[in-house]
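Take a look at the letters that make up each chain.
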Amino acid sequence: MVKVYLVAGELSGDLLGAGLMRSLKARHSDIEFRGVGGPRMEAEGLSSQIPLERLAIMGLAEVVRHLPELFRFRRQLREDALAWQADIMVGIDYPDFNLRLARQLHDVGMPTVHYVSPSVWAWRQGRVKGIRASIDRMLTLLPFEASFYKAHQVPVSFVGHPLAEELPVNDDMRAAREALELSPNARVLAVLPGSRRQEIAFNAPAFRDTVERLRERDPLLNVVVPAANATRASELDGLGINARSGFQVLDGKAWQAMTAADAVLLTSGTAALEAMLCHRPMVVAYRHSNASHWLAKRLVKTPWISLPNLIAQKALVPELIQDQATPDRLAETLWPLLSDSEQQQGIQARFKTLHQELQRGASDRAAEAVLEVLDERT
């Protein structure tokens, strides 16, 4: 019998955890799971000790308000893992909580693994010392993360990104356009101004004005805007990004919108990785408060902010940040990506190569790494 203690703190972790559990069960016939997870992990056999939503707290003010409860949950899980005599603990993302729990269990001799690297490579790099003392293996989704940990003598396995397996290497622009009722011969721009209220407030006006500049060159330009939810759609409407202004605002469907597009204008974040996995040329733009920009310039240690550039370790994607992200500059940068088919094809080919590099069977590799750590420690 192998006892695996898993702790996921968010729904994204629940999805990763369920895949890991399936792969572990396929490799070991006698295995039990306990810890914290959501409906997907429970369906795979996890005995969850705390409802996932009790841990999934977003926002600095909310986290501060719930700190006593979070500390109590961490003590509870530590005692539970030890009483259950778990053979190994796997923290899934949720790093501030999970890495501290891992340190407590590691200090008393339990093997520990962390699945999904925090952004320690980008800022507060000194955290890597605490990570090295807390875990026996880091499982990273991206190759440059693994290189960072190797350079800092932290045992690491690059397992690949689950999104790379979910999105097809051979995308179908025609089918995506048919689904969105777009002409196969139209020039199409996908615009993703962010999934959070502040991102919309800082970025959407410049994105709207960029479209106006582009329509001076092509009045028939089709613009699709996937809204993360109804609240974001309402905020976009208040900024003039709506059907009345010639925007096709969608209820989600970000992957479909990007696959249908000739090029994408977006804020930095997971959306840039998704655009890369849809193999579409893009411009990454990001505006935030002057105070946040001042702080980020002093804390962030990477030469790029977008995941495609970080993965490739070169400037494949234009990044226009803060004062650079003007409508005129954005339009000038986007226009060749919308109109130059040879340039589009070159970028698409490079993105497909990166897609295949990330398509490694993340759940299977993660399961193999967990069992390796268990074998090494026993």
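This text follows the structure it describes.
What counts and how
- Residues numbered from 1 in each chain as written.
- Predicted model: local features only at pLDDT ≥ 70, side-chain atom pairs only at ≥ 80, totals over all residues.
- Heavy atoms only, no water.
- Pairing = 2+ DSSP bridges.
- Helix = DSSP H or I, 4+ residues; strand = E, 2+ residues; numbered from the N terminus.
- Axes fitted to C-alpha atoms, helices over the stretch in contact; angles between N-to-C directions.
- Buried < 20%, exposed > 50% of the residue type's maximum accessible area, 1.4 Å probe, protein only.
- Right-handed = clockwise from strand over helix to strand, strands pointing away.
- Salt bridge = Lys/Arg side-chain N within 4 Å of Asp/Glu carboxyl O.
- Core = buried A, V, L, I, M, F, W, Y, C linked by side-chain atoms within 4.5 Å.
- Contact = heavy atoms within 4.5 Å.
- Expected span 1.5 Å × (residues − 1).
- Parallel < 35°, antiparallel > 145°, perpendicular 65-115°, else oblique.
- Nonpolar A, V, L, I, M, F, W, Y, C, P; charged D, E, K, R; others polar.
- Phe/Tyr/Trp six-rings, centres within 6.5 Å; stacked < 30°, edge-to-face > 60°.

Describe the sheet that holds strand β3 (residues 46-48), naming the residues involved and giving the relevant values.
The seven strands lie next to each other as β3-β2-β1-β4-β5-β6-β7, forming an open sheet whose pairing is parallel. Taken across any chain shown, the strands that pair with only one partner, and hence form the sheet edges, are β3 and β7 (156-158). Geometrically, the sheet is characterised by an average inter-axis angle of 20° between neighbouring strands, direction not taken into account. As defined by bridge partners, strand β4 (residues 88-92) adjoins strand β5 (residues 112-115) across four bridges and the pair is classed as parallel. Looking at β5, one finds that Gly-91 is bridged to His-114.

Now, about the pairing of strand β1 (residues 2-8): what can you tell me, with residues and values included?
Consecutive side chains of a regular strand alternate in pointing toward one face of the sheet and then the other. For β1, the tally of buried residues reaches seven of seven residues, placing the bulk of the element in the interior. Note: β1 against strand β2 (residues 31-36), six bridges, orientation parallel. The residue bridging Leu-6 from the neighbouring strand is Gly-35, located in β2. With helix α1 (residues 11-27) bridging β1 and its parallel neighbour β2, the resulting β-α-β unit is right-handed. In the sheet, β1 pairs with β4 via five bridges, with the strands oriented parallel. When the bridges of β4 are listed, Ala-8 appears paired with Ile-92.

Mind laying out the pattern of salt bridges, listing which residues take part and the relevant values?
Using the criterion set out here, one finds 16 salt bridges in the structure. For Asp-218, the salt bridge goes to Arg-187, with nearest N and O atoms at 2.9 Å. Of this pair, Asp-218 sits in the loop between α11 (197-217) and β9 (222-227) while Arg-187 sits in the loop between α10 (173-179) and β8 (188-192); the two residues are 31 residues apart in sequence, bridging distant segments of the chain. On the basis of relative accessible area, Asp-218 is assigned to the buried category, the value being 12%. Among the residues examined, Arg-187 registers a relative accessible area of 25% and is labelled partly exposed. The partner of Asp-328 in a salt bridge is Arg-213, with the nearest N and O atoms 2.7 Å apart. With Asp-328 in helix α17 (residues 327-339) and Arg-213 in helix α11, the pair connects residues that are 115 residues apart, well separated along the chain.

With reference to specific residues and values, describe the nonpolar core.
Of all hydrophobic cores here, the largest spans 127 residues; its most connected members are Leu-6, Tyr-115 and Met-282. Looking at this core element by element, the count peaks at eight residues for helix α19 (residues 362-377). Apart from residues lying up to four places away in sequence, Leu-6 is in contact with Leu-20, Met-21, Phe-33, Arg-34, Gly-35, Val-36, Met-41, Leu-46, Val-90 and Ile-92.

Break down the side chain of Glu-274 for me, citing the residues and quoting the values.
Positionally, Glu-274 belongs in helix α14 (residues 270-277). Owing to a relative accessible area of 15%, Glu-274 belongs among the buried residues under this scheme. Those residues in contact with Glu-274 that sit more than four places away from it in its chain are Leu-163, Leu-167, Trp-255 and Met-258.

A description of α1 should follow, citing residues and the corresponding values.
The end-to-end C-alpha separation of α1 is 25 Å, in line with the 24 Å expected for 17 residues at 1.5 Å each. Considered for burial, the residues of α1 that qualify are Gly-13, Asp-14, Leu-16, Gly-17, Ala-18, Gly-19, Leu-20, Met-21, Ser-23 and Leu-24.

Tell me what's going on with helix α8 (residues 143-151), and back it up with residues and numbers.
For α8, the set of buried residues is Phe-144, Glu-145, Ala-146, Phe-148 and Tyr-149. Buried positions along α8 lie against α7 (127-134), β6 (137-140), β7 and α16 (307-312). Of the residues one or two after α8, Gln-153 is the one with positive phi, at around 55°.

Describe the packing of helix α6 (residues 95-106) against α7, and please don't skip the residues or the numbers.
Their axes nearest at 8 Å, the elements α6 and α7 cross at an angle of 45°. By the criterion of interaxial angle, the relationship of α6 to α7 is oblique. Between α6 and α7, the residues in contact are Leu-99, Ala-102, Arg-103 and His-106 and Gly-130, Ile-131, Ala-133 and Ser-134, respectively. Within the contact of α6 with α7, the residues separate by chemical class into four nonpolar, three polar and one charged.

With reference to specific residues and values, describe the packing of aromatic side chains.
The geometry of two aromatic rings is summed up by the distance between their centres and the angle between their planes. Taken as a whole and assessed by the stated rule, the structure comprises three aromatic pairs. Between the aromatic rings of Tyr-94 and Phe-97, the centroid separation amounts to 5.5 Å while the plane-to-plane angle is 40°, which identifies the pairing as tilted. Residues Tyr-94 and Phe-97 agree in their burial class; the two are buried. The interplanar angle of 85° and the centroid separation of 5.5 Å between the aromatic rings of Phe-148 and Tyr-149 together place this pair among those described as edge-to-face. Of the two residues examined, Phe-148 and Tyr-149, each falls in the buried class.

Break down the sheet that holds strand β12 (residues 282-286) for me, citing the residues and quoting the values.
Pairing is parallel across the open sheet formed by six strands, whose spatial order is β10-β9-β8-β11-β12-β13. Where the open sheet ends on each side, the last strands, each with one partner, are β10 (247-251) and β13 (319-321). Across the sheet, the axes of successive neighbouring strands diverge by a mean angle of 20°, strand direction being ignored. By the bridge criterion, three bridges tie β8 to β9 in an arrangement that is parallel. Bridge assignment links Ala-190 to a residue of β9, and that residue is Val-224.

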